[in-house]
Amino acid sequence: RKEVEQDPGPFNVPEGATVAFNCTYSNSASQSFFWYRQDCRKEPKLLMSVYSSGNEDGRFTAQLNRASQYISLLIRDSKLSDSATYLCVVNNNAGGTSYGKLTFGQGTILTVHP
Amino acid sequence: DGGITQSPKYLFRKEGQNVTLSCEQNLNHDAMYWYRQDPGQGLRLIYYSQIVNDFQKGDIAEGYSVSREKKESFPLTVTSAQKNPTAFYLCASGISTYNEQFFGPGTRLTVL
């Protein structure tokens, strides 16, 4: 089982639609969670951190379910500019050391069309 | 402006040559990282450094080397031992290895 697994998509939705992405992780001791977005041929950029209680930033809502080991990202009222690859990222303790290590999912491709 | 810089943006090298990619940050971050991304694939960790004068191998360290002599700088050398060096190389930094990471713009390396 992959450490972090995402549905690669692609998700193809019209403007204004609501779209949700899920991500599962294998290490129950994972400590922190993030969503990044990556535009074509660009670097990943932090979209939002994911907190246990769930958090919202404008049209974006992130949820964490520790019992089921999954993270979700909901995008409401999709815009053309939301078209990108969305990366689920999980931080684990690296091999029993005091170091953390971010593990990136493969990414989910979203295309928003007019 | 605070941020992470990588240079050059595009780099071409002949097979068998070593090449060093630059990564500098002025965010006062302790942790720095190097990733590689191949077309249509996710990020794979090459090396990371928790603090100055310390670094650890990531998942695909073979054929690469790094140094961390200064907090601001974490250069990556792609050696001739790396079998498939053509890729998009991304450097990142963070307050610590448990915090979110911020990425530089990347270097596209093509080995001819």
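About the thresholds
- Residues numbered from 1 in each chain as written.
- Chains lettered and ligands numbered in written order.
- Predicted model: local features only at pLDDT ≥ 70, side-chain atom pairs only at ≥ 80, totals over all residues.
- Heavy atoms only, no water.
- Buried < 20%, exposed > 50% of the residue type's maximum accessible area, 1.4 Å probe, protein only.
- Helix = DSSP H or I, 4+ residues; strand = E, 2+ residues; numbered from the N terminus.
- Pairing = 2+ DSSP bridges.
- Phe/Tyr/Trp six-rings, centres within 6.5 Å; stacked < 30°, edge-to-face > 60°.
- Lys NZ or Arg CZ within 6 Å of the ring centre and 35° of its normal.
- Axes fitted to C-alpha atoms, helices over the stretch in contact; angles between N-to-C directions.
- Contact = heavy atoms within 4.5 Å.
- Buried area = accessible area lost by both parts, 1.4 Å probe.
- Salt bridge = Lys/Arg side-chain N within 4 Å of Asp/Glu carboxyl O.
- Polar contact = N/O pair within 3.5 Å; in protein donor to acceptor, adjacent residues only side chain to side chain.
- Nonpolar A, V, L, I, M, F, W, Y, C, P; charged D, E, K, R; others polar.
- Disulfide = S-S within 2.5 Å.

Residues and elements named next belong to chain A. Going residue by residue along strand β11 (residues 108-113), you find Thr 108, Leu 110 and Val 112 tucked away on one face and Ile 109, Thr 111 and His 113 left uncovered on the opposite face. The pairing of strand β2 (residues 11-14) with β11 spans four bridges and is classified as parallel. If you follow Asn 12 over to β11, its bridge partner there is Thr 111.

Bringing the packing of aromatic side chains into the picture now. The tally for this structure, following the rule as stated, stands at twelve aromatic pairs over all chains. On the numbers, 5.9 Å between centres and 75 degrees between planes, the contact of A:Phe104 with B:Phe103 is edge-to-face. Taken together, the residues A:Phe104 in strand β10 (residues 100-104) and B:Phe103 in strand β10 (residues 102-103) connect one chain to another. With a relative accessible area of 8%, A:Phe104 lands in the buried category. Judged by centre distance (6.3 Å) and plane angle (25 degrees), the ring pair of B:Tyr33 and B:Tyr35 falls under stacked. One exposure class covers both B:Tyr33 and B:Tyr35, and it is buried. Put simply, the rings of A:Tyr36, A:Phe104, B:Tyr33, B:Tyr35, B:Tyr48 and B:Phe103 touch in pairs and so form one group of aromatic residues. Stacked on the ring of B:Phe88, the Lys or Arg B:Arg108 has its end atom at 3.9 Å from the ring centre.

This part covers the sheet that holds strand β8 (residues 70-75) of chain A. All names here are of chain A. Read from one edge to the other, the open sheet built from five strands follows the order β1-β3-β8-β7-β6, with strand pairing classed as antiparallel. Only two strands of the sheet have a single neighbouring strand rather than two, namely β1 (4-6) and β6 (55-57). Neighbour-to-neighbour, the strand axes of the sheet open up by a mean angle of 20 degrees, direction not taken into account. Of the pairings in the sheet, the one linking strand β3 (residues 19-25) to β8 comprises six bridges and is antiparallel in character. Note on β8: the bridge partner recorded for Phe 21 is Leu 73.

Once that is clear, we can look at the interface of chain A and chain B. With 24 residues of chain A in contact, the opposing surface of chain B contributes 24 residues. Carbon and sulfur atoms supply 50% of the area buried between chain A and chain B, which totals about 1,900 Å² over both sides. Where chain A touches chain B, the interface holds zero salt bridges. Counting across the interface, chain A meets chain B through three residue pairs in polar contact (both at pLDDT 80 or more). Counting residues per element, the ones that place at least two in the side of chain A that touches chain B are β4 (32-38), β5 (44-50), β9 (84-93) and β10 of chain A. Classifying every residue of the side of chain A that touches chain B gives nine nonpolar, eleven polar and four charged.

Our focus in this paragraph is the sheet that holds strand β3 (residues 19-25) of chain B. Backbone-to-backbone hydrogen bonds join strands into a sheet, with any given pair of strands oriented parallel or antiparallel. All names here are of chain B. Pairing within the open sheet is antiparallel, and its four strands lie in the order β1-β3-β8-β7. A strand with exactly one partner marks an edge of an open sheet, and here the two such strands are β1 (4-7) and β7 (64-66). Across this sheet, the average inter-strand angle for adjacent strands is 20 degrees, counted without regard to direction. Bridge analysis of β1 against β3 gives four bridges, and the strand direction is antiparallel. The residue of β3 that forms the bridge with Ile 4 is Gln 25.

The linkage connecting A:Gly9 with the following residue, A:Pro10, adopts the cis geometry, with an omega of 5 degrees. Along the chain, A:Pro10 turns up in the loop between β1 and β2. Going from B:Ser7 to B:Pro8, the amide bond is cis rather than trans, its omega being -10 degrees. Secondary-structure assignment places B:Pro8 in the loop between β1 and β2 (10-13). In the Ramachandran plot, A:Asp77 falls in the positive-phi region, its phi being about 50 degrees despite a non-glycine side chain. Relative to the helices and strands, A:Asp77 resides in the loop between β8 and β9.

On to the state of the cysteines, then. Considering all chains together, one arrives at two disulfides over all chains under this definition. Shown here is the disulfide that connects A:Cys23 with A:Cys88, its sulfur atoms set 2.0 Å apart. Sign of the S-S torsion, about -75 degrees for the bond between A:Cys23 and A:Cys88, identifies this disulfide as left-handed. Taken as a pair, A:Cys23 in strand β3 and A:Cys88 in strand β9 lie far apart in primary sequence, 65 residues in all. Assessed through its relative accessible area of 0%, A:Cys88 is described here as buried. In this model B:Cys23 forms its disulfide with B:Cys91; the gap between the sulfur atoms is 1.8 Å. Judged by the sign of its S-S torsion, about -70 degrees, the cystine formed by B:Cys23 and B:Cys91 is left-handed. One end of the pair, B:Cys23, is in strand β3; the other, B:Cys91, is in strand β9 (residues 87-94), and 68 residues separate them in sequence.

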